[in-house]
Amino acid sequence: MTTSVRPSRPPRRQGGFIFFILAAIVVFIVGVVLYVFTAIVPKVPPIDAVLDYKPKIPLRIYTADNVLIGEFGEEHRDFVPIAQIPPMMKNAVLAIEDARFYEHGGIDWMGAARAVGSNLRSGFGAGGASTITMQVARNFFLSKEKKLSRKINEIALAYKIEDALTKDQILELYMNQIYLGQRSYGFASAARAYFGKDLDKLSVAETAMLAGLPQNPARNNPAVNPKRAKQRQEQVLRRLHDLRQIDDAQYAQALKEPMRVHSRPQEIGAHAEYVAELARQAVYAQFKEEAYTRGIRVTTTIREADQKSAYESVRRNVLAYDARHGYRGPEARIDLPVDAEEREEAIVDALQKRPSSDGLEPAVVLEASSKRVKVETIDGDTLDITGAGLKFVANALSEKARDAVRLTPGAVVRISKASGKDSKDGWAISQVPQVAAAFVAIDADSGAYQALVGGFDYNLQKFNHVTQAWRQPGSAIKPFVYSAAVQKGYSPGTLILDEALDMPGENAGATWSPQNDDNVFDGPITMRYSLAHSKNVPTVRLLRALEVPYTHDFLGRFGFDLARHPKNLTLALGTGAVTPLQMAGAYAVFANGGYAVKPYLISKIVDGDGTVIQETRPAAPRQEAARVLDARNAFITDSMLRDVTRYGTGAAATKRLGRPDIAGKTGTTSDAIDGWFAGYGGNIVAVAWMGYDEPRSLGGREFGATLALPIWLDYMQVALAKHPAQERPQPDGIVRENDDWVFAEFAELPQFRGIDVTPVETEEDPDGLSEGEEVMEPEPAAENAHPLADPMR
C-alpha cells in the first residue's frame, strides 16, 4: 500500500499575500499622514486664545460692605490661579477625567487604544479618550460634533498646546474655562452656584460632585437631576479611593454625606436690584459690551443693613396700605379639567405666568368655602387655608360677594405665610399690591446713597420710581416757599391770615379759592404754625406776598427743574413735578446747613486685573464754594421743619424716634394722589413716596403721614441707631424778635410782621401800622444776605 503525500501551498504565494497586506497598511498610513498634513494641519487654528487667555468674567456689583447685589453677563465665572485651587479639587478632576495627565504628552495612547476597541465594537462615538489637553483644545477652538476630522484637529491642537504651555497652565485653563451647568464656567463659579461656597470650603463629597460635572453638565446637574448626580459623584469617589487619594474613612463619610444644593444658582443679597441696575447702566455707558466680560467689579455706597431695612420697610408698609383697602379679587381664573393630568398642566401653565414676589406665592384654588380654601402651588403641593388665613378674603367667601371678587375653584390667588398671634405659622390668602412706592436715603454732606428702593418688586416692575417717576410734591414743596420768605426778611413769627381766599381770574379766568386740607380756618397764625400744620391758604398768601417769579427762581437753588414747576400761585401747593431723588438732594441743603450735594452711587470700579478704573472721592463737606443757601436761612428753616415733626403733621416722627434732630415735611397732593415724607436726622436725608403709576386717589383718609411717613420711620429707626443726634449751633447774624428768629438786618422792620393781617397799632406804637393801613409788599432783600453760589443742578 502506497501513501500519497499532498503537496503544500507554495510558500511564495503566502508571502505575497502578507506583503500585500503590509503594503496596504503602509499606503493607508501614508495616505492618512498626507491627508493630515495637507488637508488638516494647515487648517489647525493658532492657539493665541490659550496663550493670551482672557476669561469672560461677568460684571459684579457689591455693597460698600462687600455683599454681592448684582451680576450681569452670559457666563458666571471666577478665575482662580492653579496655585489657589485646592489639591483635592485637582485630584478629583484628574482622577475621573485624565489620571495620566502629568505623564502623557497631550494624547493618552493607552486610553486611546481602549477607546478604539470600544468604537470598533459599538460604532464610532461609543467611547472617547479625550485628555484634559484635548478638552481644552475642543472648548476653545472646536465643536463637539463626533467627526473624524474634528478629532484629528483636536489631536493636532493638543500637541500645539502641550508644546506651548506647562501642564499646570493647561490644567489652570481647563478648570477655569469648562462649562459646569447653571450658567457657571469653571469650578470656582460652580462651587458658588451649587453650594454657595468658595472652593477651599468644599467637603470631599461636594468636591467629587463638581468633578463629575464635565462629562455631562446637563445630565449630572445636582440642582436638576440629583439622582444621576449622586451616581456620578460615587464614581468619582470610588476612583479617588482606588487611587488612594482619599482613605477609607473619607470615602465612607463622603458616600453618606447628604447633598445640600442651592435652589437658586447665584445668591444675591440685600434686595438691591434697583441699585444694581443703576450701577449696571453707568458701567455699560462707559464700557459697552465689554462691561459684561472684563470682570469689572463695582462697589456702591450702600450698606447691606441699611438697604435691607429700606426694602423691608417699603414692602411692609405697601402691604399694610393694600390690606387697609381690601381684597380686589383673584388675579385670574382658569378652567380646571376633570382629567388629573390635564388639570395639572392647566395649573402649572397658569402659575408659571405669575412670578413669585418674595413671599407672595401664586396658587390656584381647588375648593372654596367660608371656613376653608384648598389651593395648589406650582410645586404641586396642596394647602388647606383656614381661620386667620382667610380673614383678608372673608368678603370674597361670602354669599353676597360680587362675582368679580368671589373665590371659586380655578381662581388664581396669592398666598403668604400668615402673621399674627392666631396664625399658627400657617398660610394666608393675600394679593400683590397695585400701588407703587419708592424710598431713597443719602448722606447729607457727601450725597452718597445710603439705600434705594425703586418699587415694590423689581421682578414685577423694573421702573425705578426714585429716579424716573416725576410726581407732584404737594405740601412737601412748602419748606422751600417758606425758606424763600426767610431769605426775603420774614420770620417764622410773622403772622399770616388763615381765612377763606377768593382770587378772581386765577383759575383760567375763573375764581380760584384754595382750601385747607382740614377745611378749618384759624385766623392769624404764624409762619411756623402754618408750615407745621401744612396750611394751604396761608402758604398761598405768603407766595402772593413774595411774588411768584422770585419764589420760582429761588427753587432753583435746591436743584429743582424749574421748567417742571408752574409760574403761578399753585406753586405753593406743589403742583409741579419732582423725583424722590431730587427731593432728597433738595432737603439735604437744609440738613447740612446750606450746601448743594450731588447724590452719587458708585464709589469704586475695578477691572478684572484689580486695576482701579474709577474712584469717587467726594469733596470735603460744607465748602463755601458749594453753598447755595445762607447758613442763617438753613438754621431758621430747619427749626421750622423740626416743629413739623414735634407737633405738626409729622409729629409721629419725633415721638417714635425720640431724638431732637428730626426734621421733615409731609406731602399730600390734591385728592391724595401722591403721599410723601421728606426729612432728615443724624445727617441722613431720606424721602419716601407712595402712589399709583396711573394717578388716582389713594383714599379719602390717606395722607403723607399715613402713606409715606411709616416707611420713613421704619427705615430711620434702624439707620439712626449708629448716628448720634446733632444739634446745630446758632449762626451769627440772626436775632430773636417776637419770640422767634429773624435776620438781624430785618429786625424791627414793620413790613415783615404780617401778611394780610389788619394791625391795630397806633402812633403810640411806632413799630406798628395805622389802623386800616394795608401791609406793605416787602422789597426784595436777598441781596443783603450772604452771597449765594450758583443753583444746584
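These remarks concern the structure in this document. (Residues numbered from 1 in each chain as written. Predicted model: local features only at pLDDT ≥ 70, side-chain atom pairs only at ≥ 80, totals over all residues. Heavy atoms only, no water.)

A full pass over the atoms with the stated rule returns 17 aromatic pairs. The interplanar angle of 75° and the centroid separation of 5.7 Å between the aromatic rings of Y327 and F392 together place this pair among those described as edge-to-face. Separated by 65 residues along the polypeptide, Y327 in the loop between α13 (304-324) and β6 (332-333) and F392 in the loop between β9 (382-386) and β10 (411-417) bring together distant segments of the chain. The class for F392 is partly exposed, based on a relative accessible area of 24%. Aromatic side chains F480 and F590 sit 5.1 Å apart centroid to centroid with 25° between the ring planes, which places their arrangement in the stacked category. One end of the pair, F480, is in helix α16 (residues 478-487); the other, F590, is in helix α20 (residues 580-591), and 110 residues separate them in sequence. Residue F480 is classed as buried on the basis of its relative accessible area, which comes to 0%. (Phe/Tyr/Trp six-rings, centres within 6.5 Å; stacked < 30°, edge-to-face > 60°. Helix = DSSP H or I, 4+ residues; strand = E, 2+ residues; numbered from the N terminus. Buried < 20%, exposed > 50% of the residue type's maximum accessible area, 1.4 Å probe, protein only.)

Moving on: the sheet that holds strand β21 (residues 674-681). Here we have five strands laid out as an open sheet, ordered β13-β12-β22-β21-β20, and antiparallel in their pairing. Across the chains shown, the open sheet's two edge strands, defined by having one partner strand only, are β13 (449-453) and β20 (663-668). Taking the axes of each pair of neighbouring strands and ignoring which way they run, one obtains an average angle of 5° across the sheet. Packed onto the sheet, α20 meets β12 (436-443), β13, β20, β21 and β22 (684-691) and runs at close to 145° relative to β22. (Pairing = 2+ DSSP bridges. Axes fitted to C-alpha atoms, helices over the stretch in contact; angles between N-to-C directions. Contact = heavy atoms within 4.5 Å.)

Secondary-structure assignment places V432 in the loop between β11 (427-430) and β12. With a relative accessible area of 16%, V432 lands in the buried category. Each C-alpha atom, one on V432 and one on L360, is 7.1 Å from the other, the two residues being 72 residues apart in sequence. When residues no more than four places from it in sequence are discounted, the contact partners of V432 are R328, E331, L360, R414 and L460.

Shape descriptors only; they carry no functional weight alone.
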